[in-house]
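# Inside the fold
Here is how the chains run, residue by residue.
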Amino acid sequence: MSSYFYSGQVRRFLQQFIRLFSNFEVELGKNREGIRTLLRVPIYYGDGSKQVASILTRNSENNLPTVPAMSVYIASLKYDRSRIQEPQHVSKMQIRERAYDPETGMYTEYQGDLLTIERLMPVPYIMTLKLDIWTSNTDQKLQLFEQIGPLFNPSLEIQSTDSYVDWTSLSIVELTDYIFTSRTVPIGTEDPIDVATYTFDIPIWLSAPAKVKKMGVIQSIIASVYDSQGTIDHEQDTFDISASILATKRIYTPIDLNVFYLGNTLKLYVGNNQVTFEDGEPPAMQQGNWRVAIQSFGELASVPSGVNLLVNGISRVYLKNEDFTVVGTVSYHPTDDSLLLFNALFDTLPVNTLQPVNGIIDPLNTTVTNLMASPLTGTRFLILNPIGDLLNDDGNPATIDGPLLWNRTGQPELIANANDIIEYDGTKWVVAFDSAATTTVQYITNLTTNIQYKWKNQEWTKSVEGRYGVGAWSFVP
Amino acid sequence: MPRLSLWKDGKHTNDYKFFDRRISEMFTISGTGILIHKYLGPLSQTGTDNVTLPENTTQSELNIQDLLFLENRDRKYEENVYKMRGIYQVTDNAFDLTQFGLFLQTGTLFVVFHINDMIQTLGRKIMNGDVLELQHLIDYETLDSSLPAALKRFFVVTDCTRAAEGYSPTWWPHLWRCKINPLVDSQEYKDILTKITVSEDDITPIKEILSNYARYIDINDAIVEQAETDWPESGYDTSGIFVRSKDSTTPNYTINAYLAGEGLAPNGLPATSGTSFPANPVEGEYCLRLDYLPNRLFRYDGKRWTKIEDSVRTNITNGASTNLTQRNSFINNTRTYTNVRGNVEKEKQNLNDVLKIKPDVQ
């Protein structure tokens, strides 16, 4: 285990400081040809090693030092007690990276990793830098003074990096002192070099390394495939997902997207945060784009095999309401990006609790078919309006008081309520499902459309089709 | 018999001449060869309207370039080099490591010259500002074997007096003592360092091989290059962060960070640029308007172009062409305007000159 880390935080500030004072120039007077020239003033670190200094002189006494020149060095680094903040504070931020294409070396327009970055409270320091400016005459000195002076009124912003997550990168360079000359007046017999000295304070923060974790909790809810005892969640186990895959799977629940399940498609809608399943037509909502939505959960890549290639292993979608969860494999719609083709896994559909019906009819407005006129035994219809009325029934089977289609001479009158299921028992139509008397959830399939319906809250609704709001559907990549 | 006296009422006697010839002979025998770059006076600086900065159109050592600061910055040196003999005490040197590199701690030497020989050769005494080349200190074995020539050793004269040891029994002085310091590569000696070439065949100025200026500029450039890599532009780089689209088309916002606007569409999506919006935009399309300062990125939401961000990030390297900071707009301003007389004037003017009367353009 290593306790070592070093990221060159002070070094980066020094580099930026040197950059700040780079490219200043002084104007030299006219030469023999009458031409004035500008001379760039180099700036370098002023506390280098003697060995490198001798290399710069080429190990020769005859080397000529260059002037004007600027050098910078650290005069002090002090802990800044006045800027102390909660030392144990950990700041967390969630970042979605753009996906990186290693072939081009560029970011793509797709989402890459979802990261959570934890940053420990950095430690405040005041770094004092001295900037010495060596000039060979007063005019040079004043030229530089006039160029540098307007920069600091009293400070200038500086950054050590442009990293969005580096909260220690921004600082200021504040001018605190300026000594015009290192020489004393009168000069005397010596002829020392003339150095002007600026003093700057830079409040910096020293930061420990950050914790970078791969997460995605901002816009999606990730559900573990393990339960609180550490064993595989049996609910998911029933979805024919092998344990080995489960161990690496996560479930993403988008927050601001709804899907509308209809037929074999899932249509995407944006912006409604309703969290429950809702039957019926979708409300007026803005259509979403599956390709954009799926990019939010991983890189694009084709599934290795299968008829319906999908992106990046997005193999399943969960549709949940309070009674069941339907799982189906999904693939892009070939022409409509607002749709996903959804192939529900049969085993995940709710099991019918009632025998299927041959059709759903409105007895007050229906076309009579052979199945109604000459029904086979066991023919069943779900009716949307009542048939017959006790008030009209005289109790005499010899006379038919109700609709002829549903009654047989010598048989009791058919009295059925709306939402009942009637069944032909070989001799007469009878009520097979009494809606008024049934309060438990029931499932039934309409054989004409193969749509399954659910009886709940005294009404029939489609069992799985409908709108699934936020929290009611999930990706299983 | 007259009384013996070597002093003859201020006359240079034969005794003086005898001593002087012997002393001169001593320099010939034991002195070292010194090349003298004779100072001629400041270079003429015509075109100034400041009386403290005279033009000095007549070349003379008596001229002063700057009457305020009392300094001669742009010095002119004789192109011919004068050969003389000098004597000095060789001492051990030690390098002093300073914030500006290595300096010779005991680099100051005191060289004596024969006065009459000096007058005869130079036409005057050696003075402050004359540059001496000590030929015997040439360095043939530097660390850099690629240098095209050996490194010569230059000094500049900083003080001159009669040497105490140079008085003969006649009380007349014979020696001129010069305090010399190692030369530096500065504005004052540019005339020498840029005029002398490393050899007859190689016209490279000796400044380029003697001075460490180029090395320090290279070092400076490397530091700036790394600094620009770490922090290319002001503010923060959010280009690597994915912006999630909350609708079916493209994101209608960017990362909200201090000085993060670059005028680039989120997620690297394409954007057009120009001084007007595209004629038939589609929903989600981006456009960077270049006629806004700073440039502004818009997004078409199906009904209108909404502002996404301003391009406010800029290179902050001093003098860089891509530096769009406020200060840079004042300092590195090359823009012009045309006044009522039709004259093209520079926008960048010193405050004290702004309202001064200016001649019409002929």
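In what follows, the accompanying structure is described.

What counts, and at which threshold
Residues numbered from 1 in each chain as written. Chains lettered and ligands numbered in written order. Predicted model: local features only at pLDDT ≥ 70, side-chain atom pairs only at ≥ 80, totals over all residues. Heavy atoms only, no water. Helix = DSSP H or I, 4+ residues; strand = E, 2+ residues; numbered from the N terminus. Buried < 20%, exposed > 50% of the residue type's maximum accessible area, 1.4 Å probe, protein only. Contact = heavy atoms within 4.5 Å. Areas by Shrake-Rupley, 256 points an atom, 1.4 Å probe, with all protein chains shown as cover. Salt bridge = Lys/Arg side-chain N within 4 Å of Asp/Glu carboxyl O. Buried area = accessible area lost by both parts, 1.4 Å probe. Polar contact = N/O pair within 3.5 Å; in protein donor to acceptor, adjacent residues only side chain to side chain. Nonpolar A, V, L, I, M, F, W, Y, C, P; charged D, E, K, R; others polar. Core = buried A, V, L, I, M, F, W, Y, C linked by side-chain atoms within 4.5 Å. Patch = residues over 30% accessible without salt bridge, like charges linked within 9 Å, V, L, I, M, F, W, Y side chains within 5 Å. Pairing = 2+ DSSP bridges. Phe/Tyr/Trp six-rings, centres within 6.5 Å; stacked < 30°, edge-to-face > 60°. Axes fitted to C-alpha atoms, helices over the stretch in contact; angles between N-to-C directions. Left-handed = near helix turned anticlockwise from the far one by under 90°. Arc of directions from axis to C-beta.

### What to know about the overall build of chain A
The number of helices and strands found in chain A is seven helices and 29 strands. Residues counted as buried form 45% of the 477 residues belonging to chain A. The long-range share in chain A, meaning contacts at least 24 apart out of those at least 6 apart in sequence, stands at 62%. Working note: accessible area of chain A is about 23,200 Å², and carbon and sulfur atoms make up 53% of it.

### Describing the overall build of chain B
For chain B, the helix and strand inventory stands at six helices and 14 strands. The proportion of buried residues among the 362 residues of chain B is 44%. Counted over contacts in chain B with a minimum sequence separation of 6, partners at least 24 positions apart contribute 52%. Summed over all atoms, the accessible surface of chain B reaches about 20,200 Å², with 52% contributed by carbon and sulfur.

### Let's talk about the pattern of salt bridges
What the rule picks out here adds up to 30 salt bridges over all chains. Put simply, E27 of chain A and R36 of chain A hold a salt bridge, and the shortest N to O gap is 4.0 Å.

### With respect to the interface of chain B and chain A
In this assembly, 96 residues from chain B lie in contact with 94 residues from chain A. Across the chain B/chain A interface, buried area totals approximately 8,100 Å², and carbon plus sulfur atoms make up 54% of it. Broken down residue by residue, the surface that chain B buries against chain A is led by F100, F242 and R244 of chain B, which jointly contribute 11%. Scanning the region where chain B abuts chain A turns up eight salt bridges. Here R32 of chain A ties to E79 of chain B by a salt bridge, and the two come within 3.2 Å at their closest N and O atoms. If you look at where chain B meets chain A, you find 51 residue pairs in polar contact (both at pLDDT 80 or more). Of all elements in the fold, only strand 2 (75-88), strand 3 (95-98), strand 4 (101-104), strand 7 (154-162), strand 8 (175-182), helix 3 (190-193), helix 4 (207-210) and helix 5 (213-230) of chain B reach the threshold of two or more residues within the side of chain B that touches chain A. Broken down by element, the side of chain B that touches chain A gets its largest block of residues, 13 residues, from helix 5 of chain B. Residue composition of the side of chain B that touches chain A, grouped by class: 36 nonpolar, 31 polar and 29 charged.

### Focus: the nonpolar core
Side chains of a nonpolar character, in soluble globular proteins, are inclined to be buried together. Counting residues in hydrophobic clusters, the biggest one holds 34 residues, and the most contacted among them are F17, F21, M70 and L131 of chain A. Elements with a minimum of two residues in this core: helix 1 (9-20), strand 1 (25-28), strand 4 (69-79), strand 7 (123-135), helix 3 (138-148) and strand 10 (194-206) of chain A together with helix 5 of chain B. Here this core takes six residues from helix 1 of chain A, the largest share from any one element. Filtering out sequence-adjacent residues up to four positions away, F17 of chain A remains in contact with V72, L129, L131, I158, V173, F200 and I202 of chain A. L64 and V67 of chain A together with L151 and Y216 of chain B belong to the second largest nonpolar core, which has 27 residues in total.

### A few points about a nonpolar patch on the surface
Taken together, the side chains of Y79, I84, V123 and L206 of chain A present a nonpolar region at the surface, about 290 Å² in accessible area. Here I84 of chain A shows up in the loop between strand 4 and strand 5 (90-101).

### Focus: the pairing of strand 23 (residues 421-424) of chain A
Residues and elements named next belong to chain A. For strand 22 (residues 380-383) and strand 23, the ladder comprises three bridges, and the chain directions are antiparallel. In the strand pairing of strand 23, R380 is matched with E423. Looking at chain direction, strand 23 and strand 24 (residues 429-433) are connected through four bridges and run antiparallel. Bridge pairing in strand 24 places I422 opposite V431. Here strand 23 hands over to strand 24 after four residues, with G426 in that stretch at a positive phi of 110 degrees.

### Some thoughts on the packing of aromatic side chains
Residue and element names in this part refer to chain B. Summed over all chains, the structure comprises 31 aromatic pairs over all chains. Taken together, a centroid distance of 5.5 Å and an interplanar angle of 70 degrees make the contact between Y292 and F298 edge-to-face. By relative accessible area, which is 30% here, Y292 ends up partly exposed. You can call F298 buried: its relative accessible area is 7%.

### Digging into the sheet that holds strand 9 (residues 271-274) of chain B
Residue and element names in this part refer to chain B. The four strands are arranged 9-10-11-12 in an open sheet whose pairing can be described as mixed. Looking at which strands have only one partner, the edges of the open sheet turn out to be strand 9 and strand 12 (305-310). Going from strand to strand, the sheet's axes swing by 30 degrees on average, the running direction of each strand aside.

### Remarks on the packing of helix 1 of chain A against helix 5 of chain B
Where helix 1 of chain A meets helix 5 of chain B, the axes come as close as 8 Å, and the angle between the chain directions of the two elements is 115 degrees. Crossing of helix 1 of chain A against helix 5 of chain B: the hand is left-handed. On helix 5 of chain B, the residues touching R12, Q15, Q16, I18 and R19 of chain A of helix 1 of chain A are N220, I223, V224, Q226, A227, E228 and D230 of chain B. For the contact of helix 1 of chain A with helix 5 of chain B, the per-class residue count stands at four nonpolar, four polar and four charged.

### Some details on the sheet that holds strand 8 of chain B
Residue and element names in this part refer to chain B. Spatially, six strands are ordered 1-2-5-8-7-6 in a closed barrel, and the strand pairing comes out antiparallel. Neighbouring strand axes in the sheet, compared pairwise and without regard to direction, differ in orientation by 45 degrees on average. The sheet contact formed by strand 5 (residues 109-114) and strand 8 spans six bridges and is antiparallel. Bridge pairing links F113 to W176 in strand 8.

### With respect to the side chain of Q65 of chain B
Tracing the chain through its elements places Q65 of chain B in the loop between strand 1 (32-42) and strand 2. The residues contacting Q65 of chain B, other than those within four sequence positions of it, are P42, Q45, T52, L53, P54, N56, E71, N72, R73 and D74 of chain B.

### Let's talk about helix 3 of chain A
Residue and element names in this part refer to chain A. Among the residues making up helix 3, those that are buried are Q140, K141, Q143, L144 and I148. For helix 3, the angular spread of buried residues about the axis comes to 160 degrees, placing them on one side. Buried residues belonging to helix 3 abut strand 1, strand 4, strand 7, strand 9 (170-179) and strand 10. The backbone nitrogen of D139 has a side-chain oxygen 3.3 Å away, supplied by the residue at the start of helix 3, namely N137.

### Section: unusual backbone geometry
A cis amide bond, omega 0 degrees, links N153 of chain A with the succeeding residue P154 of chain A. Locating P154 of chain A in the fold gives a position in the loop between helix 3 and strand 8 (155-159). With omega at -5 degrees, the peptide bond leading from L293 of chain B into P294 of chain B counts as cis. When you line up the elements, P294 of chain B lands in the loop between strand 10 (286-289) and strand 11 (296-300). Positive phi is not limited to glycine here, since L259 of chain B has a value of about 50 degrees. Note that L259 of chain B resides in the loop between helix 5 and strand 9. A relative accessible area of 27% places L259 of chain B in the partly exposed class.

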